[in-house]
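# Notes for the structure review
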Amino acid sequence: MSELLLEIADDELILGWRDSEWTGIAPFLEEDVAFSSIAQNEVGHARALYELVARELGTTADELAFDREPAEYRCSKLVELRLPEWERTIARHVLYEQADAERLERLKASDDPEIAGLAAKIDREEIYHRLHAEMWHERLKDEPRYVEALDELRPLVGKRNGHSSELTTLWEEMTSVRRSQPAGTTW
Amino acid sequence: MIYEVFRQERKGQAFQHAGSVEAADERFAESYAREQYGRRGESVALWVVERGSIMRIEEFVDELNRNYHRVDGYPLKEKLKEARERAAARDR
Amino acid sequence: MPEREQEFLEYVQGGGQVEAGDWMPDEYRARLRKFIEMHGNSELMGVLPEREWILRAPTLQRKLALTAKVQDEVGHAQLIYRVVEDLGKSREECLDDLISGKSKFHNVFHYPTKTWGDVGVIAWLVDAAAIISQKALLKCSYAPYARIMKKICWEESFHILHGRDVILTLMNGTEDQRGLVQEALDRWWGPLMQFHGNPIPTDEDPMFIWRIKSQGNDEARQQFLDGYVPQIWELGLTVPDPELRKDEETGRWHYTEPDWDELMSVVTGHGPKTEDRLDLRRQARENSAWVRSVLLAA
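Definitions and cut-offs
- Per chain, residue numbering runs from 1 following the sequence as it is written.
- Whichever chain is written first becomes A and whichever ligand is written first becomes 1, with later ones labelled in order.
- For this predicted model, a pLDDT threshold of at least 70 governs which residues receive local features, and a threshold of 80 or more governs which side-chain atom pairs are given and counted, while totals over whole chains, interfaces and linings are taken from all residues.
- Counting from the N terminus, the helices are DSSP H or I runs at least four residues long and the strands are E runs at least two residues long.
- Note that the radius of gyration is over C-alpha atoms, with the globule rule given as 2.2 Å times the number of residues to the power 0.38.
- Residues with at least 20 other C-beta atoms within 10 Å of their own are called buried, those with 12 or fewer are called exposed, and the rest are partly exposed. The C-beta atoms themselves are positioned from the backbone.
- Note that contacts rest on C-beta atoms placed from the backbone: two residues are in contact if these are within 7 Å.
- Strand pairing follows a simple DSSP-based rule, namely that at least 2 bridges must link the two strands.
- Note on definitions: angles span 0 to 180 degrees between N-to-C directions of axes, and those axes are lines fitted to C-alpha atoms, for helices only across the stretch in contact.
- All amino acids are sorted into three groups, where Ala, Val, Leu, Ile, Met, Phe, Trp, Tyr, Cys and Pro are nonpolar, Asp, Glu, Lys and Arg are charged, and the leftover types, Gly among them, are polar.
- By definition here, a helix of n residues has an expected span of 1.5 Å times n minus one.
- An angle below 35 degrees is treated as roughly parallel, one above 145 as roughly antiparallel, one from 65 to 115 as roughly perpendicular, and anything else as oblique.
- The hand of a helix crossing depends on one turn: near helix anticlockwise from the far one by less than a right angle means left-handed, and clockwise means right-handed.
- Every residue is assigned a pLDDT by the predictor, reflecting its confidence on a scale from 0 to 100.

Let us now look at the overall build of chain A. In terms of regular secondary structure, chain A is built from eight helices and zero strands. Walking chain A from its N terminus toward its C terminus, one meets helices and strands in the order α-α-α-α-α-α-α-α. A compact globule built from 187 residues would reach a C-alpha radius of gyration of about 16 Å, and chain A, at 16 Å, matches this within 12%. With respect to the three principal axes, the spread of C-alpha positions in chain A is 50 × 40 × 35 Å. Per-residue burial for chain A yields a buried fraction of 44% across its 187 residues. Relative to all contacts within chain A whose residues are 6 or more apart in sequence, the contacts with residues 24 or more apart total 72%.

To continue, consider the overall build of chain C. Within chain C, the regular secondary structure consists of 12 helices and two strands. Its C-alpha radius of gyration of 20 Å places chain C within 12% of the 19 Å reference for a compact globule of 298 residues. Principal-axis analysis of the C-alpha atoms places the extent of chain C at approximately 65 × 60 × 35 Å. Restricting to contacts in chain C with at least 6 residues of sequence separation, those with at least 24 account for 74%.

This paragraph deals with the sheet that holds strand 3 (residues 45–50) of chain B. Residue and element names in this part refer to chain B. An order of 2-1-3 is seen for the three strands of this open sheet, with the pairing classed as antiparallel. With partners counted over all chains shown, the strands left at the sheet margins are strand 2 (16–22) and strand 3, one partner each. Each strand axis lies, on average, 25° off the axis of its neighbour in the sheet, ignoring direction. With six bridges joining them, strand 1 (residues 2–8) and strand 3 adopt antiparallel strand pairing. Within strand 3, the residue paired with Phe6 across the bridge is Trp47.

Moving on: the interface of chain C and chain B. The interface of chain C with chain B comprises seven residues on the first partner and five residues on the second. Ranked by the residues each element gives to the side of chain C that touches chain B, the list is headed by helix 3 (residues 60–86) of chain C, at four residues. Split into classes, the residues belonging to the side of chain C that touches chain B amount to four nonpolar, two polar and one charged.

For the rest of this paragraph, the subject is the interface of chain A and chain C. In this complex, chain A contributes 33 residues to the contact, which on the side of chain C involves 32 residues. Elements that contribute at least two residues to the side of chain A that touches chain C include exactly helix 2 (29–57), helix 3 (61–66), helix 6 (113–140) and helix 8 (165–175) of chain A. Element by element, the count of residues in the side of chain A that touches chain C is highest for helix 2 of chain A, at 10 residues. Among the residues forming the side of chain A that touches chain C, the class breakdown is 14 nonpolar, 10 polar and nine charged.

For the rest of this paragraph, the subject is helix 3 of chain C. All names here are of chain C. The terminal C-alpha atoms of helix 3 lie 39 Å apart, and with 27 residues this matches the ideal 39 Å at 1.5 Å per residue to within 8%. With 24 of 27 residues buried, helix 3 lies mostly within the body of the structure. At the C-terminal side of helix 3, Gly88 shows a positive phi close to 110°.

Before going further, it helps to examine the environment of Glu35 of chain B. By secondary structure assignment, the location of Glu35 of chain B is in helix 1 (residues 26–38). Judged by the 24 C-beta atoms lying within 10 Å of it, Glu35 of chain B is buried. Between the alpha carbons of Glu35 of chain B and Glu50 of chain B there is a distance of 17 Å; along the sequence they are 15 residues apart. Discounting chain neighbours no more than four positions away, the residues touching Glu35 of chain B are Val33, Ala34 and Ser37 of chain A.

So, about the packing of helix 5 (residues 116–137) of chain C against helix 7 (residues 175–195) of chain C. Residue and element names in this part refer to chain C. At a closest axis distance of 9 Å, the pairing of helix 5 and helix 7 adopts a crossing angle of 30°. Comparing their axes, helix 7 and helix 5 come out roughly parallel. Between helix 5 and helix 7 the crossing geometry is right-handed. The residues of helix 7 that touch helix 5, namely those facing Trp116, Gly117, Asp118, Gly120, Val121, Leu125, Val126 and Ala129, are Leu180, Val181, Glu183, Ala184, Leu185, Trp188, Leu192 and Phe195. Here the contact of helix 5 with helix 7 is composed, by residue class, of 12 nonpolar, two polar and two charged.

Before going further, it helps to spend a moment on helix 6 (residues 143–171) of chain C. Because each turn of an α-helix spans 3.6 residues, side chains separated by three or four positions in sequence point in the same direction. Taking 1.5 Å per residue as the helical rise, helix 6 of chain C with its 29 residues ought to reach 42 Å, and the 42 Å between its terminal C-alpha atoms agrees with that figure. Burial in helix 6 of chain C covers these residues: Pro144, Tyr145, Ile148, Met149, Ile152, Glu156, His159, His162, Gly163, Val166, Ile167 and Leu170 of chain C. Contact partners of the buried residues in helix 6 of chain C: strand 2 of chain B together with helix 2 (26–54), helix 3, helix 5 and helix 7 of chain C.

This part takes up the packing of helix 2 of chain A against helix 1 of chain B. Between helix 2 of chain A and helix 1 of chain B, the shortest axis-to-axis distance is 9 Å and the interhelical angle comes to 70°. The pairing of helix 2 of chain A with helix 1 of chain B is recorded here as roughly perpendicular in orientation. Contacts from Glu30, Val33, Ala34 and Ser37 of chain A in helix 2 of chain A reach Ser31, Tyr32, Glu35 and Gln36 of chain B in helix 1 of chain B. Of the residues belonging to the contact of helix 2 of chain A with helix 1 of chain B, the class tally is three nonpolar, three polar and two charged.

What follows is about the environment of Arg160 of chain A. Residue and element names in this part refer to chain A. Here Arg160 lies in the loop between helix 7 (144–153) and helix 8. Residue Arg160 is classed as partly exposed on the basis of its 14 C-beta neighbours within 10 Å. Setting aside anything within four residues of it in sequence, one finds Arg160 in contact with Arg74 and Ser76.

Per-residue confidence for chain C gives a mean pLDDT of 95, with 100% of residues at or over 70. Two summary scores accompany this predicted model of the complex, namely pTM at 0.93 and ipTM at 0.95.

Written out as structure tokens, the structure is:
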């Protein structure tokens, strides 16, 4: 079960990290604010999941989030990519939300009440993510560049056979401040 | 389109104008109003309405000073003073 | 001054409030709009130095707090540009002028952020300097602006706490971490002292005369020093100004006169990061122009 939880946590962390890249430069201000909340929710979901796993493994959420080597992350190739184009970001958002919904349903049915409970909480927040994704999909579905983006990214959903070099680049940036001081330093 | 947002801070309180968001349609307006005026749980409810649907009324006419239905139309001090004096005189 | 304008002046000086649809003197409207527009520009540009660190935040908590802070600033830009639009200048026109360099934004956002120490110093001290001005704007004669300032001030209160938390954690940490704070403070002190603007007597400051601002520049700076120098010193940090001291009799702070030439140069577009950041804005805007067209065409 830790495996599945880490998989979801890593997906949410890395996707949240990518989505947060839009804070300050999204296509317009209202959307900037809305999309930033989505990014924060994703990182928040990752944190809650890491906390569950951390207790089992005797570590902390931050150590799980930051102090593993890139190869140890269980995120899919879909979330690792840096996508500075809005149509590709939305395409990923739409595809991810669909796949994640199915995964969360399975987790909600877990025998472990803590896991099932957390999955239910996450799912309730994800309602707004799905509405947001649908809203954009409705608007962009006839745009050729968006259709291309969906086609480009669809094959990567759930692909966990190794990582792209983009994850390493992201990881290096993500951990640069943390690694500047000895492990265990408080920030 | 511009959508005006009214927020209610706590149940029972009046809705107050909070600001406005620019949005392509109602779905976007809902999403953006939620975010700008509710992401910290600072509102229990929002009313969101397209600006064109709001009727503005800013001029009021009272040429003949209709004070009969206002508190300032009833200066009772003098009358009360006289009535008290008269009652006191009757008692003597 | 024409009679109607004189009446308006007396009205605002007596505490009168003005709404979007009211008559206002041309000079009032022009100064007001320019002032508010510069504030909107500043929020929008202020996002850029900080967002670099969102991607490098060293813990999940810091990541969330910093993202939320920057999100707030974008939200403030949205609130402010809406007010400007209701005064007759569209958001697109404002962005055109910002990117072309025609309109200005505050000095502090023209400087680089070099380390995690900058993240702390900005949230703790730059935001503090800004809040002093913002609190004074709560009494702005133009009511729509005064109203959004309420929301802005309320949200800024968490920014300062976040800044303080980052700084205190660093000061209680390793020697290197304390070094980050001191080094950042050494670099930011000059711009901070220039932030509130050069000393103009309030009776010569049109912004004060029209009651757009309710506080003079020097008064704001004194308030900043009074509030924050003690906080800086009590942590064992030093301020890079040997003249800085409080005159116990007058209650006023003495300091080396800030470099007003530097301030002028920076706000007219010659800051170390001005061009890079305006370029980033231009690029982001161009790349997403198609999104706005799609949404308009409905």
